[in-house]
Structure formats: structure tokens, C-alpha cells
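# Report on the structure
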Amino acid sequence: SAVISQKPSRDICQRGTSLTIQCQVDSQVTMMFWYRQQPGQSLTLIATANQGSEATYESGFVIDKFPISRPNLTFSTLTVSNMSPEDSSIYLCSVGTVYNEQFFGPGTRLTVL
Amino acid sequence: TQLLEQSPQFLSIQEGENLTVYCNSSSVFSSLQWYRQEPGEGPVLLVTVVTGGEVKKLKRLTFQFGDARKDSSLHITAAQPGDTGLYLCAGQGDSNYQLIWGAGTKLIIKP
């Protein structure tokens, strides 16, 4: 297993601004994932972040809106750019292991006014 | 496109009752995982099933993978209020790194 921390745990932001979410893992991992989740609903994969290469984005998500950094094997950031109220959600990072079993951070609850 | 249909989406029952949550697909999965998520936290892995027909038990929770590896079920015996949460199934899809997620089952156990 892996222990994952995220910062901030929650934030309230004004529309048009950007927020960077940090994800720190207690061990080196190859694959990190960023998800979005509405409370009580399932997960939507935003992108896969591999160290040393560009992130791979899922349909409906673009790099200009959700730039991702992966500077090393224990850390990644997701930026939500030019925010609108529609970006209000819970953002989760996770790491994958054998059978792609995933371990998640506690999430960042974002509210955009 | 691989899909996982999870049902029911919402279930509210009394403590002590039994329940079953289903995940079904027309596609074959190499493995299937079940997670539980509580408010304010990320999902936590409960179990991974890999072999068709496999049954795994975790205390009062019984997980089964269908013989054809297209479906799975989670059965809870004598549910407790501590079982309350969002249950998610996720299948290992065609891509070797991507999970296919079910819609989730919001479970409330009333004391």
C-alpha cells in the first residue's frame, strides 16, 4: 500500500482564477492518476501522470485547462485553470500498483464562486 | 467501449439486514476491484478478484467474480451502521493502466 497526501484539502475560489493541487506519495510509484468526483457519485479520470513524460488526458479534458506536472516519482500537481462554477468538485489523486489496484489521497474539495 | 453497470445506485436498509450490490458488463475484465468511500475521504480498496468464479470473504462481506469474468457481486450479511458509505466497483479494462468504474452504490444502514 501507499500513503498519499493532498493539499489543500479544500478551497473556495473566485471564477477566473487558478488553483494548484499537490499530491505527495510516501514511496516511488510509476503511475499517478487524477480524478474528478461529484459528491456521492463515481469517479471520472482526468489524466494519467507519468514521470518524465507528458500526461495523458482523457476525452473531455485538455492540458490548457488542467496542466499536470510530475517532476519525480513521489509528487504530482494538478492545476485547475481559469475556473468556473462548473469546476466545483472533489479532485482526487491516486497511484496504481499490481492489477492497477489504486490507492487514493483524501481529495481536495473545490468550490468556485 | 467497456462499461460497468452497477446497481442499485442507492440503498437504505435497517441494521441486521442482508444486501447485495451488482456490477455487470458485456465485456470481459482481467480483474475487478471493490472500493468503499466515506465522506471526506478517498476510496479505499476492499478486494480484488481475478479468477472467474472466485469468491473472497472479508468478515461479513462476500465478493464474487462471475465465471465469465463479466460481472461481480458484493454481499453484506447482517449490515452494520459502520458499513455505510459509497461502494464502487472497478474493472481492469483493455488498457493495462486504466480502470473502468461503476456508477457507485450509496449505502445507508440505519441503526
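Computed from a prediction, not measured in an experiment: that's the story for all the values here.

## Observations concerning the overall build of chain B
Along its length, chain B carries zero helices and 11 strands. Of the regular secondary structure in chain B, the N- to C-terminal order runs β-β-β-β-β-β-β-β-β-β-β. Structurally, chain B occupies a C-alpha span of about 40 × 30 × 20 Å along its principal axes. Counting only carbon and sulfur atoms, one obtains 49% of the accessible surface of chain B, whose full area is about 5,200 Å². When the 9 positive and 10 negative side-chain charges of chain B are each reduced to one mean point, those points stand 3 Å apart.

## Brief notes about the sheet that holds strand β7 (residues 68-72) of chain A
Residue and element names in this part refer to chain A. Spatially, four strands are ordered β1-β3-β8-β7 in an open sheet, and the strand pairing comes out antiparallel. At either margin of the open sheet sits one strand with a lone partner, and together these are β1 (4-7) and β7. Put simply, the sheet's adjacent strands are angled 15° from each other on average, direction ignored. Pairing between strand β3 (residues 19-25) and strand β8 (residues 75-80): six bridges, direction antiparallel. Residue pairing across strands places L19 opposite V80, the latter belonging to β8.

## Digging into the side chain of Q98 of chain B
Relative to the assigned elements, Q98 of chain B resides in the loop between β9 (85-92) and β10 (99-101). Separated by 3.0 Å, the side chains of Q98 of chain B and E58 of chain A make a polar contact. If near-sequence neighbours (up to four positions away) are discounted, Q98 of chain B is found in contact with L45, E58 and N100 of chain A together with G91, Q92 and G93 of chain B.

## A short note on the nonpolar core
Within soluble globular proteins, side chains that are nonpolar tend to cluster in buried spots. One finds W34, I46, F66, I68, L78, Y91 and L110 of chain A to be the most contacted residues of the largest nonpolar core, which totals 26 residues. Broken down by element, the residue count for this core peaks at four residues, all from β3 of chain A. Beyond its immediate stretch of four places on either side in the chain, F66 of chain A contacts R36, I46, Y57, F61, L78, T79, V80, D87 and Y91 of chain A. Membership of the second largest hydrophobic core comes to 23 residues, among which are C23, F29, V49 and F63 of chain B.

## Topic: the interface of chain B and chain A
Residue-level contacts link 20 residues of chain B with 20 residues of chain A. Where chain B abuts chain A, roughly 1,600 Å² becomes buried across the two surfaces, and 56% of that area is made up of carbon and sulfur atoms. The three residues of chain B that bury the most area against chain A are P43, Y97 and W101 of chain B, which together make up 34% of that side's buried surface. Counting across the chain B and chain A interface gives seven residue pairs in polar contact (both at pLDDT 80 or more). Of all the elements in the fold, those that place two or more residues in the side of chain B that touches chain A are β4 (32-37), β5 (44-49), β9 and β10 of chain B. By residue class, the composition of the side of chain B that touches chain A is 10 nonpolar, nine polar and one charged.

## Comments concerning the sheet that holds strand β3 (residues 19-24) of chain B
Residues and elements named next belong to chain B. With respect to topology, five strands assemble into an open sheet ordered β1-β3-β8-β7-β6, the strand pairing being antiparallel. Edge positions in the sheet fall to β1 (5-7) and β6 (55-58), since each of these pairs with one other strand and no more. For this sheet the average axis-to-axis angle between neighbouring strands, irrespective of direction, equals 15°. Of the strand pairs in this sheet, β3 and strand β8 (residues 71-76) are connected by six bridges, and their pairing is antiparallel. Bridge pairing links L19 to I76 in β8.

Criteria and thresholds
- Residues numbered from 1 in each chain as written.
- Chains lettered and ligands numbered in written order.
- Predicted model: local features only at pLDDT ≥ 70, side-chain atom pairs only at ≥ 80, totals over all residues.
- Heavy atoms only, no water.
- Helix = DSSP H or I, 4+ residues; strand = E, 2+ residues; numbered from the N terminus.
- Areas by Shrake-Rupley, 256 points an atom, 1.4 Å probe, with all protein chains shown as cover.
- Lys, Arg positive; Asp, Glu negative; His and termini not counted.
- Charge placed at Lys NZ, Arg CZ, Asp CG, Glu CD.
- Pairing = 2+ DSSP bridges.
- Axes fitted to C-alpha atoms, helices over the stretch in contact; angles between N-to-C directions.
- Polar contact = N/O pair within 3.5 Å; in protein donor to acceptor, adjacent residues only side chain to side chain.
- Contact = heavy atoms within 4.5 Å.
- Core = buried A, V, L, I, M, F, W, Y, C linked by side-chain atoms within 4.5 Å.
- Buried < 20%, exposed > 50% of the residue type's maximum accessible area, 1.4 Å probe, protein only.
- Buried area = accessible area lost by both parts, 1.4 Å probe.
- Nonpolar A, V, L, I, M, F, W, Y, C, P; charged D, E, K, R; others polar.

Geometric descriptors of this kind do not, in isolation, establish any biological role.
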